[in-house]
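# Notes for the structure review
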Amino acid sequence: MAFHTMVLNTKNYWCKFNNRLKGAEMDKMLQHKQEQYGIRNEAMEFPMMCVISFVYICNARCPNCPYTNSEIRADYKDRPLMNDDTFKIIAEQCGEYGAWIRMSGGGEPMLHPKAVELMEYAKKVGAKVGLITNGSRFDEEDSIRLLEAQIDMIEFSVDASDPETYAKVRTGLNWDTLVRNVKRMVDMRNKLKSATKIIASGVNQVGVDIDEVAKYWEPIVDTFQKRKYLTWGINDPNKSADSTPYLPPEEMIPCPFIFERLNIDSRGKVMVCGFDIAAVTDMGNVHEKSIKEIWHGEGFEYYRQKHLEKKAKEIQMCRDCPDWKYRSWKHNYWKIIKTAESKRKEVLSFQESEGCVSDK
């Protein structure tokens, strides 16, 4: 049976979790499941998102980073930076379908000497671009170019609300630089009336008051995302400050990632999902097959079929994945995009009405 026709029906599930606000306990309901599972409508022809490991170098030594705690970067000494031709292959194919390129994985994307130029290229060929950055490497010129290129979203990984905590969780980086760069990016975005959404995110980990982090950053950016502490099978799970699952493991709910996105390393090799940061799986290479061919290939078909049949534990990669339970069909990147876009429009609309935005 073709993968796009396979579905799995379940009852809606509402997952409760405790969210501390101003010292008070408050129950909040988030929906993580849905009635029917299968390939997402937007991913029928082509993945909604290609997550790329653009670089395998970094200027930080974050203790919650699996690359800090492993030898994976050493395995990419032959290709620490994605080549131009590899990136352009991905960008052009994503552009044909209006899909996202998510600049992530491996290290700090802005350390790539052609980062801005290549993101500009991706936008020119029709791709959507989401940049995840530690915020340390922006100057005014880079910021203007990215905003004028209308890259779709910039996510600053902040993880703290004060310099002391930041020094611990973002070792090697400077708090004042982060705050200056984020505020400048937002101010310039508003002045330029750019379509770029700007968000901040923090990992809910031991030693960090995630609610204080949210309280600090939410007034500055379009929205703040609280991230689960993920291990990738490498980090210490005891450092998570919230281990409540989104998808209860005993229910074997299909993982949404294989139905919406794929991951590509700096060599052009496609992995089945983001958990496989060491590139153990090999679904094909973009230099040998099109992304569409790989997306519709036997490899992804096998994974999807197993998940829909609730037999994913027969796959070692999935059986050993400690982060599957933190995937959500509802509370996800696509929801963050909508929330951020709504806030961006509100800010620009307010400033326009108050005469705060120049027409130049």
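In case you missed it, the structure is sitting above this.
These notes cover the structure that comes with them.

### Some remarks on the overall build of the protein chain
The secondary structure content of the protein chain amounts to ten helices and twelve strands. For the protein chain, the residues scored as buried account for 55% of the 360 residues in total. Of the roughly 16300 Å² of accessible surface on the protein chain, 48% is carried by carbon and sulfur atoms.

### Structural notes on the packing of aromatic side chains
Counted by the stated rule, this structure contains 15 aromatic pairs. Ring geometry for Tyr37 and Trp329: centres 4.8 Å apart, planes at 70°, overall edge-to-face. Linking Tyr37 in strand S4 (residues 36-37) with Trp329 in the loop between helix H9 (316-319) and helix H10 (333-353), this pair joins segments that are 292 residues apart in sequence. This pair shows no difference in class: Tyr37 is buried, exactly as Trp329 is. On the basis of an interplanar angle of 65° and a centroid distance of 5.5 Å, the ring pair of Tyr166 and Trp175 is categorised as edge-to-face. Neither residue differs from the other here; Tyr166 and Trp175 are each classed as buried. Each member of the aromatic cluster is reached from another via a ring pair, and the members are Tyr166, Trp175, Tyr216 and Trp217. The ring of Phe257 carries the charged tip of Arg261 above its face, separated from the ring centre by 4.1 Å. A cation over a ring is seen here: Arg304 above Trp295, with NZ or CZ 4.2 Å from the ring centre.

### What to know about the sheet that holds strand S12 (residues 270-271)
Taken together, the eight strands give an open sheet; going across it, the order is S10-S9-S8-S7-S6-S5-S11-S12, and neighbouring strands pair in mixed fashion. Only two strands of the sheet have a single neighbouring strand rather than two, namely strand S10 (223-227) and S12. Judged from the five bridges that link them, strand S5 (residues 49-53) and strand S6 (residues 100-104) form a sheet pairing that is parallel. Counterpart to Ile52 in the pairing with S6 is Met103.

### Focus on the pattern of salt bridges
The full count for this structure, using the stated rule, is 19 salt bridges. For the salt bridge of Glu251 with Lys33, the shortest nitrogen-to-oxygen distance reads 1.9 Å. Taken as a pair, Glu251 in the loop between S10 and strand S11 (261-264) and Lys33 in the loop between strand S3 (27-31) and S4 lie far apart in primary sequence, 218 residues in all. Taking relative accessible area as the criterion, Glu251 reaches 27% and is therefore assigned partly exposed. Linking Glu341 and Lys345 is a salt bridge whose minimum nitrogen-to-oxygen distance equals 3.8 Å. On the criterion of helical spacing, the pair formed by Glu341 and Lys345 is a turn pair, its members being four residues apart in helix H10. Glu341 gets classed as buried once you look at its relative accessible area, which sits at 17%. Within this structure, Lys197, Glu341, Arg344 and Lys345 form a network of salt bridges that share partners.

### A short note on the side chain of Thr223
Structurally, Thr223 is set in strand S10. Residues contacting Thr223, with those up to four places away along its chain left out, are Ile198, Ile199, Ala200, Ile336, Thr339 and Ala340.

### Looking at the packing of helix H1 (residues 84-97) against helix H2 (residues 115-124)
In the contact formed by H1 and H2, the axes pass within 9 Å of each other and the chain directions differ by 25°. The angle between the axes of H1 and H2 places the two elements in the roughly parallel class. The chirality of how H1 crosses H2 is right-handed. Taken together, the residues of H2 that come into contact with H1 (itself represented by Asp84, Phe87, Lys88, Ala91 and Glu92) are Leu118, Met119, Tyr121 and Ala122. For the contact of H1 with H2, the residue count by class is six nonpolar, no polar and three charged.

Conventions we followed
- Residues numbered from 1 in each chain as written.
- Predicted model: local features only at pLDDT ≥ 70, side-chain atom pairs only at ≥ 80, totals over all residues.
- Heavy atoms only, no water.
- Helix = DSSP H or I, 4+ residues; strand = E, 2+ residues; numbered from the N terminus.
- Buried < 20%, exposed > 50% of the residue type's maximum accessible area, 1.4 Å probe, protein only.
- Areas by Shrake-Rupley, 256 points an atom, 1.4 Å probe, with all protein chains shown as cover.
- Phe/Tyr/Trp six-rings, centres within 6.5 Å; stacked < 30°, edge-to-face > 60°.
- Lys NZ or Arg CZ within 6 Å of the ring centre and 35° of its normal.
- Pairing = 2+ DSSP bridges.
- Salt bridge = Lys/Arg side-chain N within 4 Å of Asp/Glu carboxyl O.
- Contact = heavy atoms within 4.5 Å.
- Axes fitted to C-alpha atoms, helices over the stretch in contact; angles between N-to-C directions.
- Parallel < 35°, antiparallel > 145°, perpendicular 65-115°, else oblique.
- Left-handed = near helix turned anticlockwise from the far one by under 90°.
- Nonpolar A, V, L, I, M, F, W, Y, C, P; charged D, E, K, R; others polar.

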